[in-house]
Amino acid sequence: MPRDLPGASLTQTAYERLRADLLACRLRPGERLRIADLCAALGVSLSAVREALSRLTAEGLVVAEPQRGFRAAPISVADLRDLTAARIEIETLCLRRAIASGDVGWEERLVAAHHRLSRTSARDPADPDRVAEPWAEAHGAYHEALVAGCGSPWLLRLRAILYAQSERYRRLSLPLARTERDLAREHREIMDATLARDADRAVTLLTAHLQLTSAILLDAEESAEMPALAAGR
């Protein structure tokens, strides 16, 4: 990474790379984040890494421990259940509002986002137990497009925070599913109900879609396949 970038640019780059690694669980939940190691890996200064970690702490993706430094935020059964419930409340509210007031431009954006998602492979060809980054980006854009017509910037900000927090759990769920999910069908049916302005059906489908990821992880925790969740209970 070039070292002659302005300090703000270096901090932003460090923030974006660390955030991506946290969401993808390349930095595992609960892992200690050693600032010197991060400086070396990212090729940036101590101050840039500290500022990036402070921003990520404010977002809840990093935990600052007095006298002990920083850790990737842990995960737990209680957090997963609470996060899933909160996300369902906010995201379905946003969806109902979007269905009620979204215009043709919103519909076009949703169709385009779904088309991109449906044409993108979900699994990383180099590591089938990992989500492919292009798919993760397309998936995020699809869920954002679903609710983009809701008309409330505050609700959309809250939804974005909850989505980012849930991303780590979703990434962890992929190799633990005991049966292959038909994600393409789930996404298509949610879109179809949304475009048909059938709010009740769209909300029911979206709720089931969000609950399934949680169920996969909770089933894995009960069978001791997910020790990190059990440890964080």
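In this text the structure is predicted, and so the values were computed from the model without any measurement.

The next subject is the overall build of the protein chain. Scanning the protein chain from N- to C-terminus turns up 10 helices and five strands. Within the span of the protein chain, comprising 233 residues, buried residues form 44% of the whole. For the protein chain, the proportion of contacts with a sequence separation of at least 24, taken over those separated by at least 6, is 74%.

Under the definition given, this model contains 15 salt bridges. R159 is paired through a salt bridge with E91; the nearest N and O atoms lie 3.6 Å apart. Taken together, the residues R159 in helix α7 (residues 153-173) and E91 in helix α4 (residues 77-101) connect sequence positions 68 residues apart. The class for R159 is buried, based on a relative accessible area of 6%. The buried category is assigned to E91, whose relative accessible area is 0%.

Aromatic rings considered in pairs are described by the distance between their centres and by the relative angle of their planes. In this structure the tally under the stated criterion is zero aromatic pairs. Above the ring of Y15, the side-chain terminus of R55 is found at 3.8 Å from the ring centroid. In this structure, R157 packs its charged tip against the face of W154, placed 4.8 Å from the ring centre.

In this section: the confidence of the model for the protein chain. The share of residues in the protein chain with pLDDT of 70 or more is 88%, and the mean pLDDT across the chain is 87. Note that pLDDT drops below 50 for residues 1-6; the model gives that stretch 11 contacts with residues more than four away or on any other chain.

Before going further, it helps to examine α7. The terminal C-alpha atoms of α7, which comprises 21 residues, lie 30 Å apart, in line with the 30 Å expected from a rise of 1.5 Å per residue. The largest bend along α7 reaches roughly 30 degrees and is located at E167.

Okay, the nonpolar core next. Core analysis: the largest hydrophobic core is formed by 40 residues, its most contacted members being L95, Y142 and L146. Taken together, the elements giving at least two residues each to this core come down to α4, α5 (104-118), α6 (133-147), α7, α8 (183-195) and α9 (199-222). Among the elements that line this core, the one with the most residues is α4, at nine residues. Discounting chain neighbours no more than four positions away, the residues touching L95 are L146, V147, T194, A202, V203 and L206. L27, L33, L61 and V62 belong to the second largest nonpolar core, which has 23 residues in total.

Conventions we followed
Residues numbered from 1 in each chain as written. Predicted model: local features only at pLDDT ≥ 70, side-chain atom pairs only at ≥ 80, totals over all residues. Heavy atoms only, no water. Helix = DSSP H or I, 4+ residues; strand = E, 2+ residues; numbered from the N terminus. Buried < 20%, exposed > 50% of the residue type's maximum accessible area, 1.4 Å probe, protein only. Contact = heavy atoms within 4.5 Å. Salt bridge = Lys/Arg side-chain N within 4 Å of Asp/Glu carboxyl O. Phe/Tyr/Trp six-rings, centres within 6.5 Å; stacked < 30°, edge-to-face > 60°. Lys NZ or Arg CZ within 6 Å of the ring centre and 35° of its normal. pLDDT = per-residue confidence, 0-100. Expected span 1.5 Å × (residues − 1). Bend = angle between axes of the 7 residues up to and from the residue. Core = buried A, V, L, I, M, F, W, Y, C linked by side-chain atoms within 4.5 Å.

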